[in-house]
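# Fold and geometry: a report
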Amino acid sequence: MSRLVGASMDAVSAGTPDSRDVVSAQLARIVGAANLETRPSALVPYRTDATFGFSGEPLAVVRPADTREVAEVLRWAAARRVPVVPRGAGTSLAAGAVPIHGGIVLALTRMNSILSIDPVDLTAVVQPGVSTQALARAANEQGLHYPPDPGSQRVSTLGGNVATNAGGLHGLKYGNTAGYVLGVQAVLADGEVIRAGGRLLKDVAGYDLVRLLTGSEGTLAVLTELTLALRPAPQASATGLAYFEDLEAAGDAVRGVIAAGILPATLEFLDARCIRAVEDYAHLGLDLSAGAMLLFGDDGSPAEVERTLAITAEVMRERGAASVHKATAAAESEALLAARRCALPALSRLGGATMLEDVGVPRSRLPELVRRIEEIAKHHRVVIATFGHAGDGNAHPTGCFDPKDEGQRERVAAAFADVFGAAIELGGTITGEHGVGAAKHPFLVAQLGAAQMALQVRIKQAFDPAGILNPGKLGS
Amino acid sequence: MTAQGIFDPAALGTCISCGFCLPTCPTYQLTGDEAAWPRGRIALMRAIDDGEVDVFDAAAREQGSFCLGCRACEPVCPAGVPYGKLIEQLRVAQWTGRRRPWRIIPLMWFAGSRRLIRMVGRIRRHARTTAASPEHSGDMLMLGCFERALFPAVSRAAVATVPGLTVPRDQGCCGALHAHNGDLARGEELARRLAERPGRIVSTAGGCAAHLAAVVGREKVVDYSEALIERASLPGPILIDGRPARIGLQDSCHLRNGMGVTAAPRTVLAALGDYVEVPGAGECCGAAGTYAILRPTESRQVLAEKITTLTALDLDFLVVVNPGCQRQLISAVRRAHLRTRVVHLAELVAMAENGTVRP
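Residues numbered from 1 in each chain as written. Chains lettered and ligands numbered in written order. Predicted model: local features only at pLDDT ≥ 70, side-chain atom pairs only at ≥ 80, totals over all residues.

Each helix and strand in chain A was counted, giving 17 helices and 18 strands. Taking the principal axes of its C-alpha atoms as reference, chain A extends roughly 70 × 55 × 45 Å. The 476 residues of chain A split such that 56% are buried. A fraction of 71% describes how many contacts in chain A between residues 6 or more apart in sequence connect residues 24 or more apart. (Helix = DSSP H or I, 4+ residues; strand = E, 2+ residues; numbered from the N terminus. Buried ≥ 20, exposed ≤ 12 C-beta atoms within 10 Å, placed from the backbone. Contact = placed C-beta atoms within 7 Å.)

Right, here's the structure in full:
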């Protein structure tokens, strides 16, 4: 399929000025000249996303204003077999938004209206370019709560969140984005517009396309409107932190908390390197001598929150926490969570580039995964700092390396291949919440097996026979 | 010109493209274009550095001048990218010789001439060292070049309210204007010369302070608000018709993002009246040094939302801590026919001490 795409690209040919002019004129008729860019130098920012080492050469970036324009762009692209890569804020950590086969980058950031928030149906209808935080705030103003909060929530768009089924810091109690997607409007690869689901809590008519399109990474359709579920805002929330000798001890404490019948909203871990990097940026007074840190928190009624935090703290002490603190003020609580969200970029302070992964295992096996990661790092002589969602069994081992050192880079890549292997062996996944993208695509078949991979390809072909939607990802 | 050597490689290498800077960037808010925010501009700088894009390429030149240089992206950057330095370095390459925007050439020439700024300052009656200063602190008050010409009352108010400041008569420009407009070498030279004198430099201009601090060290530079809190007891509230004045603040971007000063001016204002936090106080007003002169259209677009906010707030005073913001907001408030008075922090403190407030 990718060969077909490559050939069609030559037909439109990004190279010759003539064809570029023709492309420009045609696309400009759809979105307006102001919302189209074809100059190679101005396209440089759209070649990459937040993933290290992946880039593509887009032919153009278009910024449509509405569903109709998206449909017209897709009709145009389908007729010419030009790839179309939907893009929100470009914060993918799996090269999901990188136009690796060129084509048109469809930037959906102009479609950034919150269309409605309904306090009775507990739903929000939004355009895909709304930022996660913008919805969370708007919901909050009406006493409502949109729980998914990926690390990049201030930046990331809801369209991207749904397309990758993004997780967040509150996944343990609230789950990933998928749990909140009730309906979508989507433009298919040939420009047809469909609606699936809606403001319904129960709806079993037809195959569950809402669930299928969630996490489809822009390979099946372009999401142009989302109906999302909200919850009543919790009355109270609180956060605490505990220090441990190492990650294994922290993992053991997590098991203890869950075994005690407690399900905190947040249960996050950072290893010693992450603690140092975060402290270096945020100056929170974290204990730099600790081997690992657990950040825990809950929300709900004040009594409930107090009980969860008290029991969690007690279990942590029992399981050998060196010290346990509770954030007394809301601002302190928020600062701790914000600092945790910055763990990845802050790690770049340790030595230039970062390559991060997103493996997940059943919660009970997280300590084992963490131990395996440490062994793998040692074996390949690379620095891997690990943080993640302890309660979800989702770890973000992050390779820190000098980008100019080819050998180091290759060793990090080799180490991650082993980490994927370890995760799969432990009954886990190569990606918990970031998506497969182009970065993990070569490893997908190892997890799914040949038969399922073939089915994934057939699903892709059913939606997008010409293979123009975000080629090189998932079913390709 | 060869591409290599324009940018500090360590600074350029620090960005890991996480995108956390996006929501703070005013030019991204205006356009929604990824080329028009720090991560996109850094991608472009890297392409220039690789020799792939010419530094004088039209899109590269556009981004070099479109950026406000407000540095709002810096405090939110977990990786610690010194973006302000990178944009200065880009402008050094792009605004050399004849390519320097003609509108700012006379300004740089004016600020670069010690004799000229002294003369203008004297005509406009900026502050002088008072012979009666009982305890001399060793700190000098820096006279901003444009502040001397446009707002000489600010330095007079600063000297009147912070005891023990000296005002050297022969001081030159701090070089911020040069550094921000493509002459980093001259900008650094001027800053070093100003800092030769022993003691600290007290500044009433956020733009100057941040530049000085970047060249000669943060410990050498003090903002007026910090000096005031250190040295003087704050005056009581300003009353208007028997009620405390409603006062808001517009942060100076460089004071906030470059110097990290946000609390001190607010502490002072809380004593002076009924302090109201202006939503978006930390976001650029569009003055951005010479930006208002070079890109008046965009400057006003950035300003527009602020005016809507200020109209709704109906303040008695909007306080500024940088002459560029003062000029921008005075004319904006006038255009919008608001009753709000735009004054520098030092001027308001002086008013409170003298009791000379007229509503």
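Attention now moves to the overall build of chain B. Secondary structure assignment for chain B yields 19 helices and nine strands. Taken over C-alpha atoms, the radius of gyration comes to 20 Å for chain B, in line with the 21 Å a tight globule of 359 residues would show. Counting only C-alpha atoms and orienting by the principal axes, one finds that chain B spans roughly 65 × 45 × 35 Å. Counting all 359 residues of chain B, 54% fall into the buried class. Here the contacts in chain B between residues at least 6 apart in sequence split such that 76% fall between residues at least 24 apart. (Rg over C-alpha atoms; globule rule 2.2 N^0.38 Å.)

To continue, consider the nonpolar core. Ranked by internal contacts, the top residues of the largest apolar core, which has 263 residues, are A:L106, A:A253, A:M293, A:L294 and B:L212. If we skip the residues at most four places from it in the chain, A:M293 touches A:L241, A:Y243, A:F269, A:L270, A:I275 and A:L286. (Core = buried A, V, L, I, M, F, W, Y, C linked by C-beta atoms within 7 Å.)

Moving on: the sheet that holds strand β12 (residues 236-244) of chain A. All names here are of chain A. The strand order across the open sheet built from seven strands is β15-β12-β14-β13-β17-β18-β16, with neighbouring strands paired in antiparallel fashion. Where the open sheet ends on each side, the last strands, each with one partner, are β15 (323-326) and β16 (353-356). Taking the axes of each pair of neighbouring strands and ignoring which way they run, one obtains an average angle of 20° across the sheet. Examined bridge by bridge, strand β13 (residues 266-271) and strand β17 (residues 383-389) share three bridges and lie antiparallel to one another. Residue pairing across strands places F269 opposite G388, the latter belonging to β17. (Pairing = 2+ DSSP bridges. Axes fitted to C-alpha atoms, helices over the stretch in contact; angles between N-to-C directions.)

Residues and elements named next belong to chain B. Per the domain assignment, the segments making up chain B are domain 1 (9-99), domain 2 (103-231) and domain 3 (239-354). For domain 1 and domain 3, the distance between their C-alpha centroids amounts to 27 Å. Taken residue by residue, the interface counts 12 residues in domain 1 and 14 residues in domain 3. For the side of domain 1 that touches domain 3, the elements supplying multiple residues, two or more each, are α2 (26-31) and α4 (58-66). Split into classes, the residues belonging to the side of domain 1 that touches domain 3 amount to seven nonpolar, three polar and two charged. (Domains from an automatic or database assignment. Nonpolar A, V, L, I, M, F, W, Y, C, P; charged D, E, K, R; others polar.)

The next thing to look at is the interface of chain B and chain A. In this complex, chain B contributes 24 residues to the contact, which on the side of chain A involves 28 residues. Breaking the side of chain B that touches chain A down by element, the ones donating at least two residues are α1 (9-14), α3 (38-49) and α4 of chain B. Tallying contributions element by element places α3(B) first for the side of chain B that touches chain A, with five residues. Grouping the constituent residues of the side of chain B that touches chain A by class yields 14 nonpolar, seven polar and three charged.

Next up on the list: the domain arrangement of chain A. Residue and element names in this part refer to chain A. Examined at the domain level, chain A breaks down into domain 1 (2-110), domain 2 (114-232) and domain 3 (238-425). The gap between the C-alpha centroids of domain 2 and domain 3 is 27 Å. Listed as interface residues are eight residues of domain 2 and, on the opposing side, 14 residues of domain 3. Taken together, the residues of the side of domain 2 that touches domain 3 break down into three nonpolar, four polar and one charged.

Residues and elements named next belong to chain B. Here chain B averages 91 in pLDDT, and 96% of its residues register 70 or above. Within chain B, the lowest mean pLDDT, 83, falls on helix α7 (residues 114-124), and the highest, 98, falls on strand β8 (residues 317-320). The ipTM value of the predicted complex is 0.90, and its pTM value is 0.91. (pLDDT = per-residue confidence, 0-100.)

With that settled, consider the pairing of strand β14 (residues 292-300) of chain A. All names here are of chain A. By the criterion of burial, β14 is predominantly enclosed, with eight of the nine residues buried. Note that β13 and β14 share six bridges and pair antiparallel. Each residue of the ladder has a partner; that of L270, found in β14, is M293.

Residues and elements named next belong to chain A. Inspection of the secondary structure assignment puts G399 in strand β18 (residues 394-401). Since 26 C-beta atoms lie within 10 Å of it, G399 is described here as buried. Residues G399 and A385, spaced 14 residues apart in sequence, show a C-alpha to C-alpha distance of 6.5 Å. Among all residues touching G399, those that are not within four sequence positions of it are T354, M355, V382, V383, I384, V412, A415 and F416.

Residues and elements named next belong to chain B. With their axes 11 Å apart at the nearest point, helix α15 (residues 263-272) and helix α19 (residues 345-354) run at an angle of 30° to one another. Our classification of the angle between α15 and α19 gives roughly parallel. The two elements α15 and α19 meet at a crossing, and its hand is left-handed. When α15 is examined against α19, the residues P265, V268 and L272 are found in contact with a partner set consisting of L345, L348, V349 and A352. (Parallel < 35°, antiparallel > 145°, perpendicular 65-115°, else oblique. Left-handed = near helix turned anticlockwise from the far one by under 90°.)

Residue and element names in this part refer to chain A. The complete set of buried residues in helix α10 (residues 272-282) reads C274, I275, A277 and V278. The arc that holds every buried residue of α10, seen down its axis, measures 165°, which confines them to one face. Contacts made by the buried residues of α10 are with β13, β14, α12 (330-341), α13 (343-347) and β17. One or two positions beyond α10, positive phi appears at H283, with a value near 50°. (Arc of directions from axis to C-beta.)

What follows concerns the environment of A:G159. Considering the arrangement of structural elements, one finds A:G159 in helix α6 (residues 158-164). With 28 C-beta atoms counted inside 10 Å, the residue A:G159 sits in the buried group.

Buried within helix α9 (residues 152-161) of chain B we find B:V154, B:S155, B:A157, B:A158, B:V159 and B:T161. On its buried face, α9(B) is in contact with β1 (140-141), α8 (145-150), α13 (224-231), β9 (341-344) and α19 of chain B.

Another point: unusual backbone geometry. Positive phi values are uncommon outside glycine, yet A:L122 reaches one of about 55°. Tracing the backbone shows A:L122 in the loop between β5 (114-118) and β6 (123-126). Positive phi values are uncommon outside glycine, yet B:R71 reaches one of about 65°. Summarising the element assignment, B:R71 is placed in the loop between α4 and α5 (83-94).

Segments scoring low in pLDDT should not have their predicted coordinates read at a detailed level. Residues at a pLDDT of 70 or more form 96% of chain A, whose mean pLDDT is 92. Contacts of residues 1-11 of chain A to residues separated by more than four positions or lying in other chains number 21 contacts, the stretch itself having pLDDT below 50.

Residues and elements named next belong to chain A. Of all eight residues in β18, eight are buried; the element is thus mostly enclosed. Taking every second residue as pointing to the same face, both faces of β18 are buried, with N394, H396, T398 and C400 on one and A395, P397, G399 and F401 on the other. Looking at chain direction, β16 and β18 are connected through four bridges and run antiparallel. Each bridged residue has a counterpart across the sheet, and for M355 the counterpart in β18 is G399. Where β17 and β18 come together, seven bridges link them in antiparallel fashion. Opposite V383, over in β18, you have C400 as the bridge partner. Between β17 and β18, which follow one another and run antiparallel, lie four residues, and G393 among them has a positive phi close to 65°.

A word on the packing of helix α9 (residues 247-259) of chain A against helix α14 (residues 366-380) of chain A. All names here are of chain A. Packing of α9 against α14 brings their axes to within 8 Å, and their N-to-C directions diverge by 165°. With respect to their mutual orientation, α9 and α14 come out roughly antiparallel. In this structure, α9 meets α14 at a crossing whose hand is right-handed. Residues L247, E248, G251, D252 and V254 of α9 pack against L366, P367, V370 and R371 of α14. Residues of the contact of α9 with α14, tallied by class, amount to five nonpolar, one polar and three charged.

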